[in-house]
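# Fold and contact review
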2 protein chains.
Amino acid sequence: MELLLNHKSIRKYKDKDISEEIIEKIVECGTRASNTGNMQIYSVIVTKEQSNKEKIAPMHFNQPMVTEAPVVLTVCLDINRFKKWCDLNSAVHDHGYDNVLWFVNGVIDSMLFAQNLCVAAENEGLGICYLGTAIYNAEEIIEALSLPRGVFPVTTITVGYPDEDPELVDRIPLEGILHHEIYSDYSDAEIKHLYKYKESLGSSKKFVAENNKENLAQVFTDVRYKKADNLFFSEKLLQTIRNQGFDI
Amino acid sequence: MELLLNHKSIRKYKDKDISEEIIEKIVECGTRASNTGNMQIYSVIVTKEQSNKEKIAPMHFNQPMVTEAPVVLTVCLDINRFKKWCDLNSAVHDHGYDNVLWFVNGVIDSMLFAQNLCVAAENEGLGICYLGTAIYNAEEIIEALSLPRGVFPVTTITVGYPDEDPELVDRIPLEGILHHEIYSDYSDAEIKHLYKYKESLGSSKKFVAENNKENLAQVFTDVRYKKADNLFFSEKLLQTIRNQGFDI
């Protein structure tokens, strides 16, 4: 419980390798998570060679953790392996697993695997950082990691022994995400209340000033996750999902 | 680590309530998980009233856990709350968050939240069971829980004090999901090796016999997750995603 409550993303790592034994142990913890029909429709690619980290770094917008972490894990949804097993055991070879239903099931199961793995890693004294960029540049990652049709990168995680101890990051009040019996939609006053603390933080005010914005929300909409980027990467993601064999 | 390695889905619960304090504590652990840009694009609906459990039970194909568990949690991706905050702080009201990119980001962040919550619950002595049916009947669940546009059910979790202690479920060998540097695609011989243990289990052989099938893979393709169902629920899911305001 303490471990979960004190989770911080770690972006600076000591120059120390992670043993093969520990990697296998945390991956095993990943596989113990619940999953759809126990079909295990996920795989993980371990990147340890420096040249390969340098190859995929630009796909993660050159965030320094990719080349500096001893281990980079790319967690993929994988219906390829399961389909191969079905194909070997059936005269018919199209069972309808290449669509949006199984894409979403695959994302769900990949994340159950990933988060169990991360909790296990932190329990071993390791630090982790999730990179959401895996789906932004899935097309390039698919090529770099030789992912066949039916396999899709869901998230990338950098792992290493922590060389920093950052502050806990803020969260909105619990009441903001908890709904009883039915979803209670938010009034303007409630929204203002929920985001008040976040807006009041020194780091938030610094963001606003540095970017010449009027408020924190505009840092998100005009700088960090702006419309043109959202539309560009969404269209790119959709095409890549289709190109990997999913009928969406 | 022991907790993760010994995870079993619990489907039978003692007739004992879960205190509001414990619910809030495990939900708080959920919120400490990593998430995209700290935007917290998820919500959770807590179902405790028996009449509401009975209402949603058919949407989960009447699996008995839904009406028997003291607490049912429906974890939803939620861009509604975040968009409302942006709308309050900007003259422009379309920032491109209603598309496949943010749908997938939302599924990812919802599952990080969900799995942290489940690990915390098990640490409290509770048992959990994930119900994948949330996305199968998302349309009906959206109506039952009054989910507005931009909110989508990702997974449902039943929670309670365990009244059973089932066996650990099998997994394929670790080498089957671990790839080094690039994805190494599977030969027929490798697939046969990976699924050999699963096929050899007494429970698997029983499934095959009961369903009059030739092998275990056919139990999946012809009975449990068959083509007609996959296509039907995939099309239904796609339409429901669109109806909830996501441009896919």
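First, a word on what this report is: a plain description of the structure on this page. (Residues numbered from 1 in each chain as written. Chains lettered and ligands numbered in written order. Predicted model: local features only at pLDDT ≥ 70, side-chain atom pairs only at ≥ 80, totals over all residues. Heavy atoms only, no water.)

## Focus: the interface of chain A and chain B
Taken residue by residue, the interface counts 114 residues in chain A and 114 residues in chain B. Here chain A meets chain B over a buried area of about 10500 Å², counting both sides, of which 62% is carbon and sulfur. Three residues stand out in chain A for area buried against chain B, namely Arg32, Trp85 and Glu181 of chain A, and they jointly supply 9% of the buried area on that side. At the boundary of chain A with chain B, the tally comes to four salt bridges. Across the salt bridge formed by Lys84 of chain B and Asp185 of chain A, the nearest N and O atoms sit 3.0 Å from each other. Here chain A and chain B share 72 residue pairs in polar contact (both at pLDDT 80 or more) between them. Tallying contributions element by element places helix α6 (residues 100-123) of chain A first for the side of chain A that touches chain B, with 16 residues. Here the residues of the side of chain A that touches chain B sort into 60 nonpolar, 31 polar and 23 charged. For strand β5 (residues 178-180) of chain A and strand β1 (residues 42-47) of chain B, the ladder comprises three bridges, and the chain directions are parallel. For Leu178 of chain A, the partnering residue across the bridge sits in β1 of chain B and is Val44 of chain B. (Contact = heavy atoms within 4.5 Å. Buried area = accessible area lost by both parts, 1.4 Å probe. Salt bridge = Lys/Arg side-chain N within 4 Å of Asp/Glu carboxyl O. Polar contact = N/O pair within 3.5 Å; in protein donor to acceptor, adjacent residues only side chain to side chain. Helix = DSSP H or I, 4+ residues; strand = E, 2+ residues; numbered from the N terminus. Nonpolar A, V, L, I, M, F, W, Y, C, P; charged D, E, K, R; others polar. Pairing = 2+ DSSP bridges.)

## A closer look at the relation of the copies chain A and chain B
For the pair chain A and chain B, the relating rotation is 180°, the translation along its axis is 0.0 Å, and the fit reaches an RMSD of 0.0 Å. Such a combination of rotation and displacement between the chain copies is what one expects of a two-fold axis. Residue Met111 of chain A of chain A places its C-alpha closer to the rotation axis than any other residue of that unit, at 3.0 Å. The residues that chain A uses at the interface reappear at the interface of chain B in 100% of cases, marking a shared surface. (Least-squares fit on C-alpha atoms with pLDDT ≥ 70 in both.)

## Observations regarding the sheet that holds strand β4 (residues 151-160) of chain B
Read from one edge of the open sheet, five strands run β5(A)-β1(B)-β2(B)-β4(B)-β3(B), paired in mixed fashion. Two strands bound the open sheet, and with one partner strand each, they are β5 of chain A together with β3 (127-131) of chain B. With direction set aside, neighbouring strand axes in the sheet form an average angle of 25°. Sheet contacts for helix α6 (residues 100-123) of chain B: β1, β2 (71-78), β3 and β4 of chain B; angle to β2 of chain B, the most-contacted strand, approximately 150°. (Axes fitted to C-alpha atoms, helices over the stretch in contact; angles between N-to-C directions.)

## A few points about the side chain of Asn35 of chain B
With respect to the helices and strands, the residue Asn35 of chain B is situated in the loop between α2 (20-31) and β1. There is a polar contact of 2.8 Å between the side chain of Asn35 of chain B and the backbone nitrogen of Gln40 of chain B. In contact with Asn35 of chain B, other than residues within four places in its own chain, are Arg171 of chain A together with Gln40, Tyr42 and Asp109 of chain B.

## Some words on helix α11 (residues 216-224) of chain B
Considered for burial, the residues of α11 of chain B that qualify are Leu216, Ala217, Gln218, Val219, Phe220 and Thr221 of chain B. Looking at the buried side of α11 of chain B, the elements it contacts are α5 (80-88) of chain A together with α9 (188-200), α10 (202-210) and α12 (227-243) of chain B. Two to three positions downstream of the cap, the backbone nitrogen of Ala217 of chain B sits 3.4 Å from a side-chain oxygen, assigning the N-cap of α11 of chain B to Asn215 of chain B. (Buried < 20%, exposed > 50% of the residue type's maximum accessible area, 1.4 Å probe, protein only.)

## A word on the nonpolar core
Inside soluble globular proteins, nonpolar side chains tend to come together where they are buried. Grouped together as the largest cluster of nonpolar side chains are 182 residues, with contacts concentrated most on Phe82, Met111 and Ile157 of chain A together with Phe82, Met111 and Ile157 of chain B. The residues touching Ile157 of chain B, leaving out its near neighbours within four places in the chain, are Val71, Val72, Leu73, Val75, Ala114, Cys118, Ile128, Cys129 and Tyr130 of chain B. (Core = buried A, V, L, I, M, F, W, Y, C linked by side-chain atoms within 4.5 Å.)

## Considerations on the packing of aromatic side chains
One pair of aromatic rings is described through two measures. These are the centre distance and the angle between the planes. Applying the stated criterion across every chain yields a total of 32 aromatic pairs over all chains. On the basis of an interplanar angle of 85° and a centroid distance of 5.3 Å, the ring pair of Tyr225 of chain A and Trp102 of chain B is categorised as edge-to-face. One end of the pair, Tyr225 of chain A, is in the loop between α11 (216-224) and α12 (227-243); the other, Trp102 of chain B, is in helix α6, on a second chain. In terms of burial, Tyr225 of chain A and Trp102 of chain B fall into one category: buried. Geometrically, the ring pair formed by Phe103 of chain B and Phe152 of chain B is edge-to-face, given 5.3 Å between the ring centres and 75° between the ring planes. Of this pair, Phe103 of chain B sits in helix α6 while Phe152 of chain B is found in strand β4, placing the two residues 49 residues apart along the sequence. Grouping residues by exposure puts Phe103 of chain B and Phe152 of chain B together as buried. The structure contains a cluster of three or more aromatic residues connected by ring pairs, namely Phe82, Trp85, Tyr97 and Trp102 of chain A together with Tyr195, Phe220 and Tyr225 of chain B. Taking the ring centre of Tyr161 of chain B as reference, the NZ or CZ of Lys16 of chain B above it sits at 4.1 Å. (Phe/Tyr/Trp six-rings, centres within 6.5 Å; stacked < 30°, edge-to-face > 60°. Lys NZ or Arg CZ within 6 Å of the ring centre and 35° of its normal.)

## Some thoughts on the environment of Thr74 of chain B
Residues and elements named next belong to chain B. Within the element layout of this structure, Thr74 appears in strand β2. Judged by its relative accessible area of 1%, Thr74 is buried. Setting aside residues up to four positions removed in sequence, Thr74 forms contacts with Ser43, Val44, Ile45, Ile141, Leu145, Pro153, Thr155 and Thr156.

## Overview of the pattern of salt bridges
Residues and elements named next belong to chain B. Summed over all chains, the structure comprises 24 salt bridges over all chains. For Glu140, the salt bridge identified is with Lys236, shortest N-O distance 3.0 Å. One end of the pair, Glu140, is in helix α8 (residues 138-144); the other, Lys236, is in helix α12, and 96 residues separate them in sequence. The class for Glu140 is partly exposed, based on a relative accessible area of 31%.

## Considering the sheet that holds strand β1 (residues 42-47) of chain A
Taken in spatial order, the five strands make up an open sheet running β3(A)-β4(A)-β2(A)-β1(A)-β5(B), and their pairing is mixed. Both outer strands of the open sheet, β3 (127-131) of chain A together with β5 (178-180) of chain B, are each paired with one neighbouring strand and no more. Strand after strand, the sheet turns through a mean of 25° between neighbouring axes, direction not considered. Inspection of the sheet shows strand β2 (residues 71-78) of chain A paired to strand β4 (residues 151-160) of chain A by eight bridges, in the antiparallel sense. Each residue of the ladder has a partner; that of Val75 of chain A, found in β4 of chain A, is Thr155 of chain A. Across the sheet, α6 of chain A is in contact with β1, β2, β3 and β4 of chain A; its angle to β2 of chain A comes to roughly 150°.

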